[in-house]
Each structure stands twice: as structure tokens, then as C-alpha cells.
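# Fold and contact review
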Amino acid sequence: PTKSEIFTCQVSSLSYSDSPSSQTLVNLFVYELTGTGVEVKQGSTAAITCTASNVSPNGVTLEWRGGPGEVSETTHPDGTHTSVLSLKDVSSDSVYTCTVRSKTFSTSKSAERVVSLKTYVVKPRHQETKIGTTVTLSCEISDLEKEVDVQWVDKSSQIIVDKEGYKVSQGTLGSAGTQISTLEIEGSVATEDSTFKCRVRSTQFEKSPSFDTEVKLDIYRTCAKETDETSNKFGRGPWVFNSTKGGETATIACEDGLVKRPCQEAGTWGDIDYDNCSLVADAVNHAIDSMGSQGQNISDAEVAAVVNNFREMEEFLKNDNPQESGKVIDSLSKLKGKFQQVKGSNASDDLGKAVLGSVSTIQSVVRKSGGKLKEEDKRKDHSYYRISC
């Protein structure tokens, strides 16, 4: 049967021909049962539907089998009865069965409809790139049986279609059930951090909803390679800070640590940090190297160069980077030993005496301060500035 009908059952007696016949009406209700499956993103909420139309006035009951879920039912004015099974955090393909039973006729046979739930996985491929560089974002959709429809949405919630500076590719379904959709962004528009959405909708089931997945573009700036001439004052040779990504720190090895310089997010260099590097040790070692081997005299020019280095270093440290006194003592003690090795000219003797005097002053102040220079010592004793060198 394809439609509901009313039949007449007529009964006549076979024993008595004069007996009147009787009639009884018998109703046949033919309903249509449909199930609506969906294909959704894994981890999302899904809703599958079972609908019975053209049912009897008393209606039908709809029951679900296949797994737990929240059921809601609706009876429409035209007699259509709908049951929706809502499922949360779906993780895999599943099959559910909708069973229909008549409320009017207990002898009516029940009917069943199988409803499918399909799932797919979306993997966003975020990108980080230097400002002004062409870059490609992508969404990888896997566990597919049929190609899906993909749209890309910008930060203003506008679908990107033929937009200048952007190129969208739907991608095609591969043999492994994977489809990769891409969004190419030209360098001219890749100027700031942005979040795009990859919007996927199944074409296998008409009632399937679309799902958005965020794909991030992080733009960074760089600090250009730069040479810092400050270190030339201490005879070490210029420090060269190589090109560095914004938000990171460039480092250069020094005598007993690292010189650090941060590259700001905006792509500009920050201040140089000498906290983990002893400029004193660097300068002393350079001075020692300039004196040559044991027993070799030092020329007046060499002495003048060493003195000049120390004077410039004193001014620099005094204003920007006071060092712990212990490092100063260790470094000048090395220099004292070197002078004792290379005595021979009046110039070196004079410089040696000056160094010995500085060491004595340092030792005196350190004893008073308990190992480190205190702020009050720095203010009261101008010898602190001698110590700094």
C-alpha cells in the first residue's frame, strides 16, 4: 500500500438467505517513515531526526536504539510526528535505529529506519611568518567518504571570495579520505596577526550543519643586524647582534657570561644587558694580551692605549653597568700579576704602581662593605668610580 484507505467488510449469512448483510468499515493508515542522518565534526554536538507522516489520529510512538542521547518529540498539525536525538561530543561514526509503533491499533506491525551519523576530523595548520611574506594557511579534513564544501571566513566574519590579496582553494578528496583546503595570503596584506575560520559543511547529508575551525596567522617583525661599537672602547672588538625575531633575545658570549639584547615585538632593539658579563674581565684580558709574553717591555703607546681603555670603561660602567667589586678585584689582580712579569720600562713601572694602588683601594672598600659595594659607599666615596674601572 502507498496511501491510507478505508475498506468495507460486508458479512452475509450462508445459512439463511433472508438474513440481512452487515458492513464494517476498516481503516488502513499508511504512514511514511524517514530518517535524516548528518555528518559532523568530531567533538561537536549532532542531531539526527526520525519523522513519521500521514499517521493515524491517535499518532505513533518513536523510539531510538543505538546509544544514549537526549530525545525531543514534536507532533505537527498535519499529523506529522518528529523525534530528534541529540548527541554530545560525538567521536566516531555510529548507526542508530528509529522504531515506530501505532498508538491506534495494537496489532499493527512496527517499522524501523536506520539513521547514520558520520564524523570527520579537521586539523588547522597555523602559520607564523615575517611581516610582508606570502603565506598559506590550510585545513586538513580527514575520515571523509565524500568531498566537503569549504569556505574561508576573515576576522570580520566575511566569507573570502575573490578578495584582493587572498586565494582560496577547496582542495579535492584524496584516496585516503582526506581533503586539504588552503588560503594563500599575499605579503602585501600579511601585516598583522589574524584569526581566520575554515568553515566545513558535509555534502553527503543535506541537513548537516557547517562547523568553523580557527586558523591563526602570527606575524612577527625582526630587528636588523646591528653592530654595537661600545665594545671597541674596551678593546674587545665590536659586538655584532645578528638579525633577531621580535620577542626573542640575541646573545653574544663574553669573558664569563653572555651579553644580551632583546628584540622588541615591534622589531626594534632594546637596551643591551651586561648583567651576566664582566666588561672588566674582558678589558683586563685585552690589556694583558696587548703586553705580550713575560719579559717583554711595553711601549709608551701600548701603555697609553691600556690607560685609555680603562678610562672609557670607567665612564661607561659608572653610568650604565656598575659591576660587583669581587669581579673587579679578580680582574685587576690578573693585571697586577702581568705587570710584575713585564717590568722593564719606566712606563710599565708607572702603570704598575697605579694598578697596585687601585687594588689596595678596592680591597679597603670591599672590607668595609662586607664583600659588595653598598649604595652609601658609592655615594660617599668617590673611589667607587675608580673601582668601577
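The structure reproduced in this document is the subject of the present report.

### Some thoughts on the environment of Lys 245
Considering the arrangement of structural elements, one finds Lys 245 in strand β21 (residues 244-245). Here Lys 245 is in contact with Glu 128, Tyr 220, Arg 221, Thr 222 and Cys 263, once residues within four sequence places are set aside.

### Overview of the pattern of salt bridges
In this structure the tally under the stated criterion is nine salt bridges. Taking the shortest distance from any N to any O, the salt bridge between Glu 140 and Arg 125 comes out at 2.5 Å. Highlighted residues: Glu 140 in strand β12 (residues 135-142) and Arg 125 in strand β10 (residues 111-125), separated in sequence by 15 residues. With relative accessibility at 16%, the residue Glu 140 sits in the buried group. Take Arg 125: its relative accessible area is 36%, and that puts it in the partly exposed class. Here Glu 192 ties to Lys 155 by a salt bridge, and the two come within 2.4 Å at their closest N and O atoms. Placement of Glu 192 in the loop between β15 (179-185) and β16 (194-201) and of Lys 155 in the loop between β13 (149-153) and β14 (166-169) is noted, with a sequence separation of 37 residues between them. Residue classification places Lys 155 among the exposed residues on the basis of a relative accessible area of 59%.

### A closer look at the state of the cysteines
Applying the stated criterion across every chain yields a total of three disulfides. Paired by a disulfide, Cys 50 and Cys 98 hold their sulfur atoms 1.9 Å apart. In this structure, the disulfide formed by Cys 50 and Cys 98 twists by about -85° around the S-S bond and is classed as left-handed. Of the two residues, Cys 50 sits in strand β5 (residues 46-53) while Cys 98 sits in strand β9 (residues 94-102), which places them 48 residues apart along the sequence. Of the two residues, Cys 50 and Cys 98, neither departs from the other in class, the shared state being buried. Between the sulfur atoms of Cys 223 and its disulfide partner Cys 263 the distance amounts to 2.1 Å.

### Quick notes on the packing of aromatic side chains
Taken as a whole and judged by the stated rule, the model has three aromatic pairs. Positioned above the aromatic ring of Tyr 220 is the side chain of Lys 245, whose terminal nitrogen or guanidinium carbon lies 4.9 Å from the ring centre. Positioned above the aromatic ring of Phe 241, the side-chain terminus of Arg 261 is 5.3 Å from the ring centre.

### Examining the side chain of Ser 208
Within the fold, Ser 208 resides in the loop between β16 and β17 (210-220). A distance of 3.1 Å separates the side chain of Ser 208 from the backbone oxygen of Phe 205, its partner in a polar contact. Sequence-distant contacts of Ser 208, defined by excluding residues within four places in its chain, comprise Val 38, Glu 39, Arg 201 and Ser 202.

The rules we used
Residues numbered from 1 in each chain as written. Predicted model: local features only at pLDDT ≥ 70, side-chain atom pairs only at ≥ 80, totals over all residues. Heavy atoms only, no water. Helix = DSSP H or I, 4+ residues; strand = E, 2+ residues; numbered from the N terminus. Contact = heavy atoms within 4.5 Å. Salt bridge = Lys/Arg side-chain N within 4 Å of Asp/Glu carboxyl O. Buried < 20%, exposed > 50% of the residue type's maximum accessible area, 1.4 Å probe, protein only. Disulfide = S-S within 2.5 Å. Phe/Tyr/Trp six-rings, centres within 6.5 Å; stacked < 30°, edge-to-face > 60°. Lys NZ or Arg CZ within 6 Å of the ring centre and 35° of its normal. Polar contact = N/O pair within 3.5 Å; in protein donor to acceptor, adjacent residues only side chain to side chain.

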